Amino acid sequence: QVHLVESGGGLVQAGGSLRLSCTASGSTFSGNTIGWYRQAPGKQREIVARISIGGSTYYTNSVKGRFTISRDSAENTVYLQMNSLKPEDTAVYYCNAPRLDGGYYYSWGQGTQVTVST
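Below is a summary of the structure that appears in this document. (Residues numbered from 1 in each chain as written. Predicted model: local features only at pLDDT ≥ 70, side-chain atom pairs only at ≥ 80, totals over all residues. Heavy atoms only, no water.)

### Concerning the pattern of salt bridges
Move 1: Evaluated as defined, the whole model comprises four salt bridges.
Move 2: A salt bridge links aspartate 89 to arginine 38, with the shortest nitrogen-to-oxygen separation between them at 3.0 Å. In this pair, aspartate 89 is assigned in the loop between strand S8 (77-82) and strand S9 (91-96) and arginine 38 in strand S4 (residues 34-39), connecting sequence segments 51 residues apart.
Move 3: Aspartate 89 gets classed as buried once you look at its relative accessible area, which sits at 1%.
Move 4: The salt bridge partner of aspartate 89 is arginine 66, with a shortest N-O separation of 2.7 Å. Of this pair, aspartate 89 sits in the loop between S8 and S9 while arginine 66 sits in the loop between strand S6 (57-59) and strand S7 (67-72), placing them 23 residues apart in sequence. Across the pair, exposure class does not vary: aspartate 89 and arginine 66 are buried alike.
Move 5: Through salt bridges with shared partners, a single network forms among Arg38, Glu46, Arg66 and Asp89. (Salt bridge = Lys/Arg side-chain N within 4 Å of Asp/Glu carboxyl O. Helix = DSSP H or I, 4+ residues; strand = E, 2+ residues; numbered from the N terminus. Buried < 20%, exposed > 50% of the residue type's maximum accessible area, 1.4 Å probe, protein only.)

Pasting the structure below:
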């Protein structure tokens, strides 16, 4: 069974930076597009960024120019470098591999909490 493990979250002041990591135990990411998602209290989970097998990236408008997604196939890890953090970035961040039918290849992990203070 595959387990997604997100890490790297924490409490940071506005303008600060964090780097999130996503690994999968029991599987490899090498054949999948991987996305980072976030869910703020009272809101639906939303896509933040994703990276394809070939390295193509997508960012939601609110994080463009501030966040960078990358993948290290050798380490079976996907990263999300978050700079110039804002209070509205506060959320639990998750990773997963989206399917074309709108589903996901893996069960959701526990996520990692990111809290940005003013």
